[in-house]
Amino acid sequence: MPTPALSPTRERETAQFGGITHAPQTAHDHLLARASGAGWPPSADESYIQIALTQWLPASTGNDLAAISAQQSLQALAAVLRTQHHDDWLTDLLSSRRSPSWQQGIHELSLAASANAAGDLPALIEHAQTSVADFHRDNNIAGETAARIEYAIGLTRSQQGDRCLPVILTGSRQARAFRYPWVETNLLLQLSTCYGIRGDPHLADDSARLAAVLAQKSSYENLRLYSLYYLDGVTAP
């Protein structure tokens, strides 16, 4: 699903801080300002999560200056999620022991997120499933639940209603035990789609409504809009 466009007012607010930048060196200062309460649109935070998944996280596993720069920007983004969205997911992922399984899980998660963006469903499912297994082996809930989002997206987009439900329900149980509203809301949206595929519009509607409430509570504006789109689709005659 494409990211909803920013309103003209929010575009101007974002521009005050230089807009969205993929370069970690530039983004770092912007994110630190945002963590301190700088007034850019909350939807920009969600854009940075996607950049983190596809670019900064894999770059952070190295030992060079680029890795250090990526790590610093990731820490700044984690502070944004904690202070502005009451979300500990990225903080927990970054504070994990950097075992071989963790590094492989990060690599596969990034490949899955990139395949998702490219619309490559076979690669998305393959890399996400591998990432889930890597993080599960490492007992890393933050990594595993994020990988389950990508895995669920691959399964729902390929209409695999028999496989998507256990993947999502397990991830939802894991996420609810922690303060991971970005993960939990994404999984609820995929749960809504999964129930729709399985022919249960009432449970699909319930899941989308829960996602909308959680997204609003945690100030994830894009996810809130997505939830409303889901509800429009679920409740349409």
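This structure is a prediction, so every number in the text was calculated from the model and none was measured.

**Comments concerning the overall build of the protein chain**
Stage number 1. Assigned secondary structure in the protein chain consists of 12 helices and zero strands.
Stage number 2. N-terminal to C-terminal, the α/β element order of the protein chain is α-α-α-α-α-α-α-α-α-α-α-α.
Stage number 3. Counting the 237 residues in the protein chain, one finds 53% classified as buried.
Stage number 4. Of the accessible surface of the protein chain, which amounts to about 10,500 Å², a share of 53% is contributed by carbon and sulfur atoms.

**Considerations on the packing of helix α8 (residues 141-157) against helix α10 (residues 181-197)**
Stage number 1. Running from N to C, α8 and α10 cross one another at 25°; their axes reach a closest spacing of 10 Å. Relative to α10, the element α8 is oriented roughly parallel. Considering the relative orientation of α8 and α10, their crossing is left-handed. Contacts between α8 and α10 involve Thr145, Arg148, Ile149, Ala152, Ile153 and Thr156 on the former and, on the latter, Trp182, Val183, Asn186, Leu187, Gln190, Thr193, Cys194 and Ile197.
Stage number 2. Residues belonging to the contact of α8 with α10 are distributed by class as follows: eight nonpolar, five polar and one charged.

**Some points on the pattern of salt bridges**
Stage number 1. Summed over all chains, the structure comprises six salt bridges.
Stage number 2. Residue Arg224 is joined to Glu221 by a salt bridge in which the shortest nitrogen-to-oxygen separation is 2.9 Å. A residue pair is termed a helical-turn pair when its members lie 3 or 4 positions apart in one helix, as Arg224 and Glu221 do in helix α12 (residues 221-235) at three residues.

**Observations regarding the side chain of Ser218**
Stage number 1. Relative to the helices and strands, Ser218 is located in the loop between α11 (201-217) and α12.
Stage number 2. From its side chain, Ser218 meets the backbone oxygen of Leu214 in a polar contact 2.7 Å long.
Stage number 3. Setting aside residues up to four positions removed in sequence, Ser218 forms contacts with Gln84, His85 and Pro181.

**Observations regarding the confidence of the model for the protein chain**
Stage number 1. Across the protein chain, pLDDT averages 88, with 86% of residues at or above 70.
Stage number 2. Note on residues 1-18: pLDDT is under 50 here. Beyond four places in sequence and across chains, it has 29 contacts.

**Looking at α8**
Stage number 1. With 17 residues, α8 should reach 24 Å at 1.5 Å per residue; the first-to-last C-alpha distance of 24 Å fits that figure.
Stage number 2. α8 sits mainly inside the fold: 16 of its 17 residues count as buried.
Stage number 3. A side-chain oxygen of the first residue of α8 lies 3.4 Å from the backbone nitrogen of Ala142; this N-cap is Asn140.
Stage number 4. Looking at the residues trailing α8, positive phi occurs at Gln159, about 60°.

**Points about the nonpolar core**
Stage number 1. Core analysis: the largest hydrophobic core is formed by 67 residues, its most contacted members being Trp56, Trp89, Leu93 and Trp182.
Stage number 2. The element contributing the most residues to this core is α8, with nine residues.
Stage number 3. If we skip the residues at most four places from it in the chain, Trp182 touches Ile49, Gln50, Leu53, Asp87, Trp89, Ile149, Tyr220 and Leu223.

**A look at the environment of Asp138**
Stage number 1. Relative to the elements of secondary structure, Asp138 occurs in the loop between α7 (121-137) and α8.
Stage number 2. Measuring from C-alpha to C-alpha, the distance between Asp138 and Ser101 comes to 6.0 Å, with 37 residues separating the pair along the chain.
Stage number 3. Once you skip the residues sitting within four places of it in the chain, Asp138 turns out to touch Arg97, Ser99, Ser101 and Trp102.
Stage number 4. Polar side-chain contacts of Asp138 include one of 3.4 Å to the side chain of Arg97.

**Comments concerning the state of the cysteines**
Stage number 1. If you walk through the whole model with that rule in mind, you get one disulfide.
Stage number 2. The side chain of Cys164 participates in a disulfide bridge whose partner is Cys194; the two sulfur atoms lie 2.0 Å from each other. Negative torsions about the S-S bond denote left-handed disulfides, and the value of about 80° found for Cys164 with Cys194 makes this one right-handed. Residue Cys164 is located in helix α9 (residues 161-176), and its partner Cys194 is located in helix α10; the two are separated by 30 residues in the primary sequence. This pair shows no difference in class: Cys164 is buried, exactly as Cys194 is.

**A closer look at unusual backbone geometry**
Stage number 1. Positive phi outside glycine occurs at Asn139, with the angle close to 55°.
Stage number 2. If you trace the backbone, Asn139 turns up in the loop between α7 and α8.
Stage number 3. A relative accessible area of 64% means that Asn139 is categorised as exposed.
Stage number 4. Positive phi is not limited to glycine here, since Ser219 has a value of about 60°.

Quick notes on the rules
- Residues numbered from 1 in each chain as written.
- Predicted model: local features only at pLDDT ≥ 70, side-chain atom pairs only at ≥ 80, totals over all residues.
- Heavy atoms only, no water.
- Helix = DSSP H or I, 4+ residues; strand = E, 2+ residues; numbered from the N terminus.
- Buried < 20%, exposed > 50% of the residue type's maximum accessible area, 1.4 Å probe, protein only.
- Areas by Shrake-Rupley, 256 points an atom, 1.4 Å probe, with all protein chains shown as cover.
- Axes fitted to C-alpha atoms, helices over the stretch in contact; angles between N-to-C directions.
- Parallel < 35°, antiparallel > 145°, perpendicular 65-115°, else oblique.
- Left-handed = near helix turned anticlockwise from the far one by under 90°.
- Contact = heavy atoms within 4.5 Å.
- Nonpolar A, V, L, I, M, F, W, Y, C, P; charged D, E, K, R; others polar.
- Salt bridge = Lys/Arg side-chain N within 4 Å of Asp/Glu carboxyl O.
- Polar contact = N/O pair within 3.5 Å; in protein donor to acceptor, adjacent residues only side chain to side chain.
- pLDDT = per-residue confidence, 0-100.
- Expected span 1.5 Å × (residues − 1).
- Core = buried A, V, L, I, M, F, W, Y, C linked by side-chain atoms within 4.5 Å.
- Disulfide = S-S within 2.5 Å.

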